[in-house]
Amino acid sequence: MGYLNIFTTEHAKASREVENYLANPINAYTLIKRLSTDFDYLKMVASIATDYEFDSKLLYPTEKDTAGAALGIARLQDTYKLNVTRLAGGKLNARLGNKKHMSKTFSPMTASDCFNLALKLYKHEDYQIAVHWFIEALEKFSNEDRVVNPFSAADIMSHIAKCYHYSKNESDALAWVNKISQVNPREVDDDPILRYYSQGVLDKEMLPEDNRHSKEVDSWRKIRVSASAWKMFAELCRSEIDVPTQIARKLHCFYLRRNAFLQLAPIKTEQLLQKPDVFLFHDVLNQNEIDAIKKTVGHRLKRALVYTNNEKIRTESRVSKSAWLDDIDHDVIARMSQRIEDFTGMSTTHAEQLQIANYGIGGQYNPHYDFDKTGKHHGDRGNRLATVLFYMSDVAYGGATVFTRLGLSVPPIKGSALFWTNLLSSGDGDNRTLHAACPVLYGNKWVANKWIHEAGQELTRPCPLVQETMPVQFWKKNNQPKQNAPRKS
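Note that this is a predicted model, so its numbers are computed, not measured. (Residues numbered from 1 in each chain as written. Predicted model: local features only at pLDDT ≥ 70, side-chain atom pairs only at ≥ 80, totals over all residues. Heavy atoms only, no water.)

### Concerning helix α15 (residues 287-297)
Part 1 of the reasoning: Residues Glu289, Ile290, Ala292, Ile293, Thr296 and Val297 constitute the buried set of α15. Taken end-on, α15 shows its buried residues confined to a sector of 160 degrees, consistent with a single buried face. Every exposed residue of α15 that faces more than 90 degrees away from the buried side is listed here: Asn288 and Lys295.
Part 2 of the reasoning: Those residues of α15 that are buried are in contact with β8 (321-325), α16 (331-344), β9 (354-359) and β18 (445-453).
Part 3 of the reasoning: Capping the start of α15, Asn286 holds a side-chain oxygen 3.1 Å from the backbone nitrogen of Asn288, two or three residues further along.
Part 4 of the reasoning: Gly298 sits one or two positions beyond α15 and adopts a positive phi of about 45 degrees. (Buried < 20%, exposed > 50% of the residue type's maximum accessible area, 1.4 Å probe, protein only. Helix = DSSP H or I, 4+ residues; strand = E, 2+ residues; numbered from the N terminus. Arc of directions from axis to C-beta. Contact = heavy atoms within 4.5 Å. Polar contact = N/O pair within 3.5 Å; in protein donor to acceptor, adjacent residues only side chain to side chain.)

### Details of unusual backbone geometry
In terms of backbone geometry, most residues other than glycine have negative phi values and most peptide bonds are trans.
Part 1 of the reasoning: Geometrically, the link from Lys275 to Pro276 is a cis peptide bond, its omega value of 5 degrees lying close to zero.
Part 2 of the reasoning: Inspection of the secondary structure puts Pro276 in the loop between β2 (267-273) and β3 (278-281).
Part 3 of the reasoning: With phi around 55 degrees, Lys81 is a residue other than glycine that occupies positive phi space.
Part 4 of the reasoning: Counting through the fold element by element, Lys81 comes out in the loop between α4 (63-80) and α5 (84-88).
Part 5 of the reasoning: Its identity as a non-glycine residue notwithstanding, Lys275 has a phi of 50 degrees, on the positive side.

### Focus on the sheet that holds strand β4 (residues 302-303)
Part 1 of the reasoning: With respect to topology, nine strands assemble into an open sheet ordered β1-β2-β3-β15-β11-β18-β9-β8-β4, the strand pairing being antiparallel. Only two strands of the sheet have a single partner each, and these edge strands are β1 (253-256) and β4.
Part 2 of the reasoning: Of the pairings in the sheet, the one linking β4 to β8 comprises two bridges and is antiparallel in character. Of the residues in β8, the one forming a bridge with Lys302 is Ser322.
Part 3 of the reasoning: Against the sheet, α16 engages β1, β2, β3, β8, β9, β11 (384-391), β15 (417-421) and β18, with an angle of about 120 degrees to β11. (Pairing = 2+ DSSP bridges. Axes fitted to C-alpha atoms, helices over the stretch in contact; angles between N-to-C directions.)

Right, here's the structure in full:
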């Protein structure tokens with residue numbers, strides 16, 4: 001009856017405010033688990049009729065969905081320095097974002113929830129975060145007398161020991177094996193790794209062969225370029241870095257009146273950076289248009305892919321769903337193309353389709369360029385000259401667009417559009433435009449982006465007489481430029 005009570009309580013909470021309830025990543029994760037792992041277990045052990053019946057016509061979450069949600073939570077922990085105990089209580093301890101959008105309704109995780117999440121991370125070889133969830137599961141396990149779990153305290157402890165083993169922390173692994181021996185000696189005898197530690201003398205020759213396949217595991221940590229690049233990315237996502245004062249005081253806001261139409265309906269424009277120029281155009285998309293776009297894209301959304309070695313693959317470096325819309329799909333899409341031409345001054349004749357993207361639990365996109373480094377994938381229309389990114393939702397926590405080499409973080413503002421150019425005047429890629437989408441911590445992020453190509457811009461963006469220079473800027477937390485280290489002679 002313990003599981004049934006959990007189902008009933010959470011159903012009542014979620015029914016009060018479905019969208020806000022699911023905006024909390026812990027609520028969303030537990031719901032996915034309830035409808036996959038827990039539901040299967042409940043059907044197997046239930047001995048009485050319940051209100052919950054399995055409907056074969058409905059599309060239920062799978063174990064793969066649960067694993068994806070678990071990895072999303074790990075990304076959130078890593079990026080936003082979240083405390084496991086508070087997360088397990090259903091609470092977020094981040095100090096950023098817009099709290100007015102947050103729901104106060106949350107459901108604490110059970111021992112089974114924590115163990116399941118940890119197990120997903122363990123199988124993905126994310127031992128540093130998995131071990132904390134296993135420890136949290138063990139703590140909750142001892143306090144859940146009425147719930148019958150399909151695992152034991154010794155099961156949890158053995159995974160803790162092996163997490164430390166695979167993390168090369170032999171002292172902690174040994175300490176946990178000693179604890180397991182006191183609870184269930186057979187658990188130690190049946191596992192070769194635990195048995196190795198129980199022998200007292202850690203002889204490497206006695207260590208069992210490692211059968212893991214680390215190279216085959218697609219972990220987002222393996223995509224990091226360097227520790228310093230990751231540090232910059234995470235600090236920008238946490239809004240810990242601002243544009244330096246000496247740069248910010250040169251920026252300004254104005255009404256854009258580029259052409260005859262904008263003379264009648266000027267656009268509120270915010271200059272975010274100079275050289276390279278980054279602008280934010282406000283109130284260029286209204287709610288009716290956003291609703292029309294979402295309705296049009298419908299069920300077309302699929303897991304977003306990235307180009308690697310001349311092929312599109314699914315990877316943890318980009319976690320979102322996307323779809324493409326043509327101008328002919330809806331008059332709103334056609335109006336957006338015209339609007340882009342108005343506020344950028346560029347032609348969209350050779351632009352790509354409008355890409356719609358949705359970011360769910362821990363949804364993010366690792367640092368990347370929009371331009372093609374080889375310049376070969378876009379044919380006669382040339383490289384991606386500029387990017388226009390429409391924000392179609394507010395996000396309470398996280399989800400910012402960050403430029404990791406410029407020290408710029410742009411939080412999503414519904415109805416606005418972010419604009420920047422990807423190429424230098426020479427046509428070469430501007431390496432300063434390395435950017436990323438931060439993980440969505442609380443909420444649901446919708447964006448639409450348009451890539452404008454070089455073809456058709458001959459008159460609107462002629463080549464300058466003087467070659468453009470490209471200084472690379474990195475900023476410290478105190479808003480002062482980092483000094484380049486002296487060269488070694």
